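Residue strings, one per chain:
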Amino acid sequence: MSVLRPLDKLPSLNTATILLVGTEDALLQQLVDSMLKEDCTSELKVHLAKSLPLPSSVNPPRIDLIVFVVNLHSKYSLQNTEESLHHVDASFFLGKVCFLATGAGRESHCSIHQHTVVKLVHTYQSPLLYCDLEVEGFQATMAQRLVRMLQMCDGHVPGVSALNLLSLLRSSEGPSLEDM
Amino acid sequence: MNQQDLDPDSTTDVGDVTNTEEELIRECEEMWKDMEECQNKLSLTGTETLTDLNAKLSLLIMQVKCLTAELSQWQKKTPEIIPLTEDVLLTLGKEEFQKLRHDLEMVLSTMESKNEKLKEDLEREQRWLDEQQQIMESLNVLHNELKNKVETFSESRVFNELKTKLLNVKEYKEKLLITLGEFLEDHFPLPDGSVKKKKILINRLFDVPHDPYVKITDSFWPPYVELILRNGIALRHPEDPTRIRLEAFHQ
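Residues numbered from 1 in each chain as written. Chains lettered and ligands numbered in written order. Predicted model: local features only at pLDDT ≥ 70, side-chain atom pairs only at ≥ 80, totals over all residues. Heavy atoms only, no water.

Student: What's the story with the overall build of chain B in this structure? I'm lost.
Tutor: Secondary structure summary: chain B contains 5 helices and 3 strands in total. The secondary structure elements of chain B, listed N-terminal to C-terminal, are α-α-α-α-β-α-β-β. The contacts in chain B between residues at least 6 apart in sequence include a share of 54% that link residues at least 24 apart. (Helix = DSSP H or I, 4+ residues; strand = E, 2+ residues; numbered from the N terminus. Contact = heavy atoms within 4.5 Å.)

Student: Help me understand helix α4 (residues 136-153) of chain A in this model?
Tutor: In an α-helix, one turn spans 3.6 residues, which is why side chains three or four residues apart end up on the same side. Residues and elements named next belong to chain A. With 18 residues, α4 should reach 26 Å at 1.5 Å per residue; the first-to-last C-alpha distance of 26 Å fits that figure. Of the residues making up α4, those classed as buried are Gln139, Met142, Ala143, Leu146, Val147, Met149, Leu150, Gln151 and Cys153. Note on α4: the residue one or two positions beyond its end, Gly155, has a positive phi of about 85°. (Expected span 1.5 Å × (residues − 1). Buried < 20%, exposed > 50% of the residue type's maximum accessible area, 1.4 Å probe, protein only.)

Student: Looking at this structure, how should I read the side chain of A:Ser126?
Tutor: Residue and element names in this part refer to chain A. The residue Ser126 is located in the loop between α3 (114-123) and β5 (128-130) in this model. Reaching out from Ser126, the side chain makes a polar contact with the backbone oxygen of Tyr124 at a distance of 3.0 Å. Each residue touching Ser126, except ones within four places of it in the same chain, is listed here: Phe93, Val97, Phe99, Val121 and Leu166. (Polar contact = N/O pair within 3.5 Å; in protein donor to acceptor, adjacent residues only side chain to side chain.)

Student: How do you make sense of the nonpolar core when you look at a structure like this?
Tutor: The tendency in soluble globular proteins is for nonpolar side chains to be buried side by side. Counting residues in hydrophobic clusters, the biggest one holds 31 residues, and the most contacted among them are A:Ile66, A:Phe68 and A:Tyr124. Sorting the residues of this core by element identifies β1 (15-21), β3 (65-71), α2 (75-85), β4 (97-102), α3 and α5 (162-169) of chain A together with α2 (55-76) of chain B as the ones contributing at least two each. (Core = buried A, V, L, I, M, F, W, Y, C linked by side-chain atoms within 4.5 Å.)

Student: So what exactly am I meant to see when it comes to unusual backbone geometry here?
Tutor: As a rule of thumb, non-glycine residues mostly have phi less than zero, and peptide bonds are mostly trans rather than cis. You will see that A:Gln125, though not glycine, has its phi angle at about 50°, which is positive. If you trace the backbone, A:Gln125 turns up in the loop between α3 and β5.

Student: Explanation requested: the pairing of β1(A) in the structure shown.
Tutor: One face of the sheet, then the other: side chains in a regular strand alternate in exactly this way. All names here are of chain A. Of all 7 residues in β1, 7 are buried, a share of seventy percent or more. Here β1 shows two buried faces, one formed by Thr15, Thr17, Leu19 and Val21 and the other by Ala16, Ile18 and Leu20. Strand direction decides the pairing type here: β1 and strand β2 (residues 43-49), joined by 7 bridges, are parallel. Bridge assignment links Leu20 to a residue of β2, and that residue is Leu48. Inspection of the sheet shows β1 paired to β3 by 4 bridges, in the parallel sense. Paired with Leu20 across the strands is Val67, a residue of β3. (Pairing = 2+ DSSP bridges.)

Student: Would you mind going over the confidence of the model for chain A with me for this structure?
Tutor: The predicted coordinates ought not to be read in detail in places where the model reports low pLDDT. Considering every residue of chain A, the mean pLDDT works out to 81; 93% of them sit at 70 or more. Element-level mean pLDDT values for chain A span from 50 in helix α6 (residues 176-179) of chain A up to 89 in β3(A). (pLDDT = per-residue confidence, 0-100.)

Student: It is not clear to me how empty space enclosed by the protein should be interpreted in this structure. Could you clarify?
Tutor: Taking a probe equal in size to a water molecule and rolling it over the atoms shows the remaining empty space. Residues and elements named next belong to chain A. Counting across every chain of the model gives 4 cavities of 30 Å³ or more. The volume enclosed by the second largest cavity comes to roughly 50 Å³. If you trace the second largest cavity, you find 10 residues lining it, with Leu4, Arg5, Asp8, Pro61 and Ile63 closest to the centre. Classifying every residue of the lining of the second largest cavity gives 6 nonpolar, no polar and 4 charged. (1 Å grid on protein atoms, 1.4 Å probe; cavity = no way out; pocket = protein on both sides within 12 Å on 5 of 7 lines; lining within 4 Å. Points joined across faces, edges and corners; volume = space filled by probe spheres on them. Nonpolar A, V, L, I, M, F, W, Y, C, P; charged D, E, K, R; others polar.)

Student: What is the right way to read helix α1 (residues 25-37) of chain A from this model?
Tutor: Residues and elements named next belong to chain A. Taking 1.5 Å of rise per residue, 13 residues should cover 18 Å, and α1 covers 19 Å from first to last C-alpha, within 8% of that figure. When α1 is considered as a whole, its buried residues turn out to be Leu27, Leu28, Leu31, Val32, Ser34 and Met35. Around the axis of α1, the buried residues are gathered within 165° of arc, so they sit on the same side. More than 90 degrees from the buried face of α1, the exposed residues found are Ala26 and Lys37. (Arc of directions from axis to C-beta.)

Student: Help me out: how do you make sense of a negative patch on the surface in this one?
Tutor: All names here are of chain B. On the surface, Glu21, Glu22, Glu86 and Asp87 cluster together to form a negatively charged patch. For the negative patch, the secondary-structure elements that each account for two or more residues are α1 (19-44) and α3 (86-187). Looking at the secondary structure, you find Glu21 in helix α1. (Patch = residues over 30% accessible without salt bridge, like charges linked within 9 Å, V, L, I, M, F, W, Y side chains within 5 Å. Areas by Shrake-Rupley, 256 points an atom, 1.4 Å probe, with all protein chains shown as cover. Salt bridge = Lys/Arg side-chain N within 4 Å of Asp/Glu carboxyl O. Lys, Arg positive; Asp, Glu negative; His and termini not counted. Charge placed at Lys NZ, Arg CZ, Asp CG, Glu CD.)

Student: How should I be thinking about the sheet that holds β3(A) in this particular structure?
Tutor: Residues and elements named next belong to chain A. Here we have 5 strands laid out as an open sheet, ordered β2-β1-β3-β4-β5, and parallel in their pairing. Both edges of this open sheet fall to β2 and β5, since each of them pairs with a single strand only. In this sheet, adjacent strand axes meet at a mean angle of 25° when their direction is disregarded. Packed onto the sheet, α3 meets β4 and β5 and runs at close to 150° relative to β5. (Axes fitted to C-alpha atoms, helices over the stretch in contact; angles between N-to-C directions.)

Student: Honestly, a nonpolar patch on the surface in this entry has me stumped. Any pointers?
Tutor: Residues and elements named next belong to chain B. Taken together, Ile81, Leu84, Leu89 and Leu92 make up a surface patch of nonpolar side chains, about 380 Å² in accessible area. By the secondary structure assignment, Ile81 is in the loop between α2 and α3. You can call Ile81 exposed: its relative accessible area is 55%.

Student: Help me understand the interface of chain B and chain A, please; the structure alone is not making it clear to me.
Tutor: Listed per partner, the contact involves 28 residues of chain B and 34 residues of chain A. Summed over both partners, the interface of chain B with chain A buries about 2,700 Å², with 57% contributed by carbon and sulfur atoms. At the boundary of chain B with chain A, the tally comes to 1 residue pair in polar contact (both at pLDDT 80 or more). Top contributing element to the side of chain B that touches chain A by residue count: α2(B), with 10 residues. Broken down by class, the residue content of the side of chain B that touches chain A amounts to 12 nonpolar, 10 polar and 6 charged. (Buried area = accessible area lost by both parts, 1.4 Å probe.)

Shown next, in the form of structure tokens:
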């Protein structure tokens, strides 16, 4: 399967699946560990991938939330993310995709300008979260946040759908300035 | 779409306790079947990937469509509850009570710790208050003592002191005046009023024109002599300081 589709499989009972796509292995692994420590009403399954499309050997269950992790220190990470985005079905972007930018704390090391990422995120109409994954405390908070988002995206929170969440997380600044 | 939380209609009126579980399972099965149908329909739709150019617009359009669909779904749906049989009610009730108990226990422990803290605070404040009161008592005693002293002082003693001072000063004045009088008597004796000096001088001038000098005796009052000398009415004898003569005005 070359393109990820959100609704191509039936949901597994009482499980929530999240897919983390990014080049920073070590950081992602730490994030995964923090997330698994969080208590969640349903069983939590985390998949890691360096890029999309997923290799054909891997056959994951239905994915509820994709998080693209962009490291502001490396241009390669941004490139990788942009290429992976082409392998995601359009209907995923109705609230089931989220971008996470890490490394904003150390301004001197940033080789990607924040504006670039913000523009990308606005094109795909998805929420952007900032987090310095190298810092323990921030990582734990982000893990908690992602778990909560995941619970809403897979329907475990009654009355809120992924699309509702997207509308709520929309940033207030108008995208018109970025598009110019 | 993905609504496992949606509860089914309670169309049947179940009175039998043992059937509740079966009933619930049946409803779940029905929901699962519905989902499979939907899934089949969905798999018939094709996939669509986005390029950077058309992403924004097509996503926004899709969002509009989905939101309107969701909105109509919400408006159509009526809230449904699970069949309220005894079993279900009991379980629900137990859960609620457990939660309540947990919350109340937390509240209780918080209140107890707060109480203890307040007691400690109270004791501390009480001790402080006692100390302050002691200080105030001792200060009051001191104040009273000082007040009394000030009163007695200002009433009698100052008055008496002033009186004695006044008497002393008056005595001194008297003494000074007496001494002054004695001094004056000694050095400046009062003139003898019976003898007229001027007559003597004039008579001498005319009686003995070539020796108009009069010897100064003790009966002459020295300041008077000085006076007439200074004003040029009389003159001293050039050789004898004890003699004076009247100025010859008519010559």
